[in-house]
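# What the coordinates show
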Amino acid sequence: MKIALFGGSFNPIHNAHIKLAERFFDEVGLDYVYFIPTFITPLKDNSSTISAKQRLDMCNLALKDYISFKVADIEVKREGMSYSCDTIAYFRNMYPDAQLYFIMGADMFFTLEKWNDFKYIFKNVTILTAPRDDDDYTSLCHKLNEYKKYNCKAHITKEYIEDLSSTMIRDMISKNIDVSAYLNKNVIEYIKQNDLYR
């Protein structure tokens, strides 16, 4: 079985997150993708992050029609800082015979040596990442060559996914700009009902 873990603040979850998961689901032949909202994200400014429960709710709303996409609340329940090595260990214990993958954006891939126990991550998962533009692919390949000294395994998709950021979407919402092209309609309704990002 091939299982991918996709961690992030998902603040909010948007269509590019889902397209990235779909891309790897098809390219790698995954069986399941677990979206894992963080409680607190290391190496990120968490000041604009809404509650973990609300981000978890939005993930469930956005993914409820995807049979092979699941939402895991383990980092939210664990609370505190969300370290990927701990989450990988959890899934390694749950699925001892599965091939584990870890989906991340290009920006995260370039910072992996700063991650907590990053050698454990390289040992236990295959990284899945995508370029943000045409030039990014070459940079990602160079970085992967640097990581080879740690026996890093990675699959870099060639075609880039639209460079869409949650920060941009939050800014649009705060200015009452239409975000229906970027967010699931149920997520938009949830944001309105809970008056988020205003």
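Details of the structure are given in the entry above.
Here's what I pulled together on the structure shown here.

Cis geometry is found at the peptide bond from N11 to P12, where omega equals 5 degrees. When you line up the elements, P12 lands in the loop between β1 (2–8) and α1 (15–29). Even without being a glycine, F10 presents a positive backbone phi close to 45 degrees. Here F10 lies in the loop between β1 and α1. For F10, a relative accessible area of 2% corresponds to the buried category. With phi around 50 degrees, D195 is a residue other than glycine that occupies positive phi space. Take D195: it is sitting in the segment after α9 (185–193).

Two faces belong to every sheet, and in a regular strand the side chains alternate between them. Most of β1 is tucked away, with 5 of its 7 residues classed as buried. In this structure, β1 lies alongside strand β4 (residues 99–105), joined through 5 bridges in parallel fashion. Bridge assignment links F6 to a residue of β4, and that residue is I103. Relative to strand β2 (residues 32–37), β1 runs parallel, the two sharing 6 bridges.

Taking burial as the measure, the 5 residues of strand β5 (residues 126–130) include 5 buried ones, the bulk of the element. By the alternation rule, side chains of β5 split into T126, L128 and A130 and I127 and T129, which are all buried. One ladder, built from 5 bridges, connects β4 with β5; its direction is parallel. Across the sheet, G105 pairs through a bridge with A130, a residue of β5. Sheet analysis places β5 next to strand β6 (residues 153–156), joined by 4 bridges and oriented parallel. From the neighbouring strand, T126 faces β6, where its bridge partner is K153.

Criteria and thresholds
Residues numbered from 1 in each chain as written. Predicted model: local features only at pLDDT ≥ 70, side-chain atom pairs only at ≥ 80, totals over all residues. Heavy atoms only, no water. Helix = DSSP H or I, 4+ residues; strand = E, 2+ residues; numbered from the N terminus. Buried < 20%, exposed > 50% of the residue type's maximum accessible area, 1.4 Å probe, protein only. Pairing = 2+ DSSP bridges.

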